[in-house]
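# Structural features, examined
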Amino acid sequence: MIAPEQGEDLDFAVGEEFAAKLRWADEFVSTEVEPLDQVLGHPCDLADPRRAALVPPLQRQVREAGLWACHLGPELGGPGYGQVRLGLLNEILGRSRCAPVVFGCQAPDSGNAEILARFGTAEHQRRYLRPLLDNEIVSCFSMTEPQGGSDPTEFTLRAEPDGDEWVLNGEKWFSSNAAFAAFALVLAVTEPDARRHRRLSMFIVPTATPGFEIIRNVANYGDLPGTGTHSYVRYDNVRIPGANLLGERGGGFVVAQVRLGGGRVHHAMRSVGLVRRALDMMCERALSRRSGGRLLADTQLVQAMIADTWLQIEQFRLLVLRTAARIDRYQDYNRVRTDIAAVKIALPTVVHDVAARAVQLHGSLGISDELPLARWVLDSFYLGLADGATDIHRMNLGRLVLREHEAHDGLFPTGHLPRLRAEALAKYTAEVPDLLLVDER
Ligand SMILES: Cc1cc2nc3c(=O)[nH]c(=O)nc-3n(C[C@H](O)[C@H](O)[C@H](O)COP(=O)(O)OP(=O)(O)OC[C@H]3O[C@@H](n4cnc5c(N)ncnc54)[C@H](O)[C@@H]3O)c2cc1C
């Protein structure tokens, strides 16, 4: 369903009670969480004593405020506020690197929890989901391989049955947070000869299992040396119990899609917070910096830059909120997959354009490592790849839009004016024989 249904009733209202929670979160993130970004290493590194001292007390305050794990419904220990409220909260969290961990909704754990909730047995949920939701452990998602990312038919990591166990062999690339993780969700080939989307199965692999080996932790460009967290992982005869299969054998692709639907929108929600911060910085700079005897804010070029930026952010924000409202309305990611694809496509461009303008406006300071702006330009490329390359979504969206249209009959399109006029004349001449066309009057 591409276009909203006629008269579709989308509700962005959050109510006074939740609005008060948002005001609390805004203040709390500014005063308690953003400063953490300046002193803490990776917020998922549970072994870091600084984290152990600083993060849990803040997490307790978030729980008391009723804002812990807001992406989850009540059956999983979250408040289940829905995607619109989650979106508005995520706009606040997007300002801070550590905020998602403090609020219990960090990727990839949030998506992995959705998978375990949906496909895990009672035992999986007791062993893995419950401690994950309580942030006693963290997890990783192992899908991409060195030779294949976008196309799952290129994946080669095999899982083969051996008695009542599975044995995994192969390599995975960019498994974020594997170095901190207690378990990995691994997509492995179990049915090599099946059709495209039935070749893979999803497994829970405890990272302490012999044969789970991190070859190296890869850093994004611009990260400090030694701080990489995207792991290149080897699975060398990794034996796991048969019961660690998640969902159906050959159904791994369907399982993986569950985590990606919501995750893509959540990244977008947080990015709205990021680009709004960039706009604030642009305005502050324009109102403070003088050149040619006047403020930058008084030059038309800068005013146009600010206007374009504001408009691009607000258009994107509405697209994200509309998508969130449609998820709330239909409770079905598949039904709103065109909206989710659109959000995913728009996301890197908005972050790139806004961050690039902010860099430009700040001159040499903008490009330096004394502001986060150049880093955000790079982040736009990460956002265009994480959870699936943007180009794939662009093609999918194009196909979905085309599927809702038909070819015209005859030589000329249905909007061709001579055709419309001939049809109009044919329609009315029986009633009014001397009818004139508009431009013959
Ligand atoms: C910050 C970050 C975190 C990540 N975390 C994880 C993680 O935790 N777990 C995990 O498994 N993976 C993770 N990834 C990997 C991510 O899922 C892949 O980057 C993504 O799926 C694309 O795969 P690729 O990088 O191999 O690019 P490729 O598949 O090689 O694609 C590169 C480019 O080729 C073009 N292209 C590819 N296929 C097509 C096509 N069919 N038609 C047209 N053009 C095409 C596109 O322009 C695309 O951008 C992460 C990536 C990033 C950047």
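Nothing here was measured: the structure is a model prediction, and the numbers come from that model. (Residues numbered from 1 in each chain as written. Predicted model: local features only at pLDDT ≥ 70, side-chain atom pairs only at ≥ 80, totals over all residues. Heavy atoms only, no water.)

## Description of the overall build of the protein chain
- Scanning the protein chain for helices and strands turns up 13 helices and 10 strands.
- Summarising its shape, the C-alpha atoms of the protein chain cover approximately 90 × 65 × 45 Å along the three principal directions.
- The buried share among the 441 residues of the protein chain stands at 47%.
- Long-range pairs, those at least 24 residues apart, make up 71% of the contacts in the protein chain with a sequence separation of at least 6.
- Accessible area of the protein chain: about 22,000 Å², with a carbon and sulfur share of 54%. (Helix = DSSP H or I, 4+ residues; strand = E, 2+ residues; numbered from the N terminus. Buried < 20%, exposed > 50% of the residue type's maximum accessible area, 1.4 Å probe, protein only. Contact = heavy atoms within 4.5 Å. Areas by Shrake-Rupley, 256 points an atom, 1.4 Å probe, with all protein chains shown as cover.)

## Considerations on the site of the ligand
- Near the ligand you find 16 residues, and of these F141, T144, S150, S176 and D391 are the closest.
- Contact distances for the ligand include 2.7 Å between a nitrogen atom and a side-chain N or O atom of T144.
- Coverage of the ligand by the protein chains reaches 65% of its 970 Å² of free accessible surface.
- For the shell around the ligand, the secondary-structure elements that each account for two or more residues are β1 (139-142), β3 (165-176) and α12 (390-403).
- Of the residues forming the shell around the ligand, the biggest block, three residues, is contributed by α12.
- Class assignment for the residues of the shell around the ligand results in nine nonpolar, six polar and one charged.
- Counting contributing residues, the shell around the ligand receives three or more from each of domain 2 (139-246) and domain 3 (254-403). (Near = heavy atom within 4 Å. Polar contact = N/O pair within 3.5 Å; in protein donor to acceptor, adjacent residues only side chain to side chain. Nonpolar A, V, L, I, M, F, W, Y, C, P; charged D, E, K, R; others polar. Domains from an automatic or database assignment.)

## What to know about helix α6 (residues 122-133)
- For α6, the full list of buried residues reads H124, Y128, L129, P131, L132 and L133.
- Considering only its buried residues, α6 is in contact with α2 (49-64), α5 (109-119), β1, β4 (183-189), β5 (200-206) and β8 (245-246).
- Where α6 ends, the next residue or the one after it, N135, has phi of about 60°, a positive value.

## Regarding the UniProt feature "domain: Acyl-CoA dehydrogenase/oxidase N-terminal" (unreviewed entry) in the protein chain
- Sites flagged by UniProt as "domain: Acyl-CoA dehydrogenase/oxidase N-terminal" (unreviewed entry) map to residues 26-136.
- Secondary structure content for residues 26-136 is 59% helix and 0% strand, and the end C-alpha separation is 26 Å. (UniProt positions renumbered as here; feature names shortened; annotations may be inferred.)

## A short note on the nonpolar core
- Grouped together as the largest cluster of nonpolar side chains are 95 residues, with contacts concentrated most on V102, F103 and M202.
- The residues touching M202, leaving out its near neighbours within four places in the chain, are I115, F141, L185, V186, L187, N244, L245, L246, G252, V255 and A256.
- Within the second largest apolar cluster, 18 residues are counted, among which are C140, W166, A181 and V233. (Core = buried A, V, L, I, M, F, W, Y, C linked by side-chain atoms within 4.5 Å.)

## Describing the packing of helix α1 (residues 15-37) against helix α3 (residues 83-93)
- In the contact formed by α1 and α3, the axes pass within 9 Å of each other and the chain directions differ by 15°. When the axes of α1 and α3 are compared, the pair comes out roughly parallel. Note that α1 runs across α3; the crossing there is right-handed. The segment α1 lies against α3, with F18, L22, A25, D26 and V29 engaging R85, L88, L89, I92 and L93. (Axes fitted to C-alpha atoms, helices over the stretch in contact; angles between N-to-C directions. Parallel < 35°, antiparallel > 145°, perpendicular 65-115°, else oblique. Left-handed = near helix turned anticlockwise from the far one by under 90°.)

## Observations regarding the side chain of E114
- Summarising the element assignment, E114 is placed in helix α5.
- Look at E114: it is buried, it has no salt bridge, and the nearest opposite charge is R118 at 6.7 Å. (Lys, Arg positive; Asp, Glu negative; His and termini not counted. Salt bridge = Lys/Arg side-chain N within 4 Å of Asp/Glu carboxyl O.)

## A closer look at helix α9 (residues 337-361)
- Between its first and last C-alpha atoms α9 spans 36 Å; for 25 residues at 1.5 Å apiece the expected length is 36 Å, and the two agree.
- A346 marks the point of greatest bend in α9, at about 30°, and the proline P348 comes within the next four residues.
- Buried residues dominate α9, accounting for 18 of its 25 residues.
- Just downstream of α9 lies G363, where phi reads positive at about 55°. (Expected span 1.5 Å × (residues − 1). Bend = angle between axes of the 7 residues up to and from the residue.)

## A short note on the pairing of β4
- Buried residues dominate β4, accounting for seven of its seven residues.
- Relative to β4, β1 runs parallel, the two being bridged by four bridges. When the sheet's bridge partners are listed, F141 is paired in β4 with L185.
- Here β4 pairs with β5 via seven bridges, running antiparallel. By the bridge assignment, A188 is partnered in β5 with S201. (Pairing = 2+ DSSP bridges.)

## A short note on the environment of A297
- Secondary-structure assignment places A297 in the loop between β10 (294-295) and α8 (300-330).
- The exposure class of A297 is buried, given its relative accessible area of 18%.
- Between the C-alpha atoms of A297 and V189, which are 108 residues apart in sequence, the distance is 57 Å.
- Leave out the neighbours within four places in its chain, and A297 touches A286, L287, V302 and Q303.

## A word on the domain arrangement of the protein chain
- Under the domain assignment used here, the protein chain contains domain 1 (15-133), domain 2 (139-246), domain 3 (254-403) and domain 4 (413-441).
- Between domain 3 and domain 4, the C-alpha centre-to-centre distance is 47 Å.

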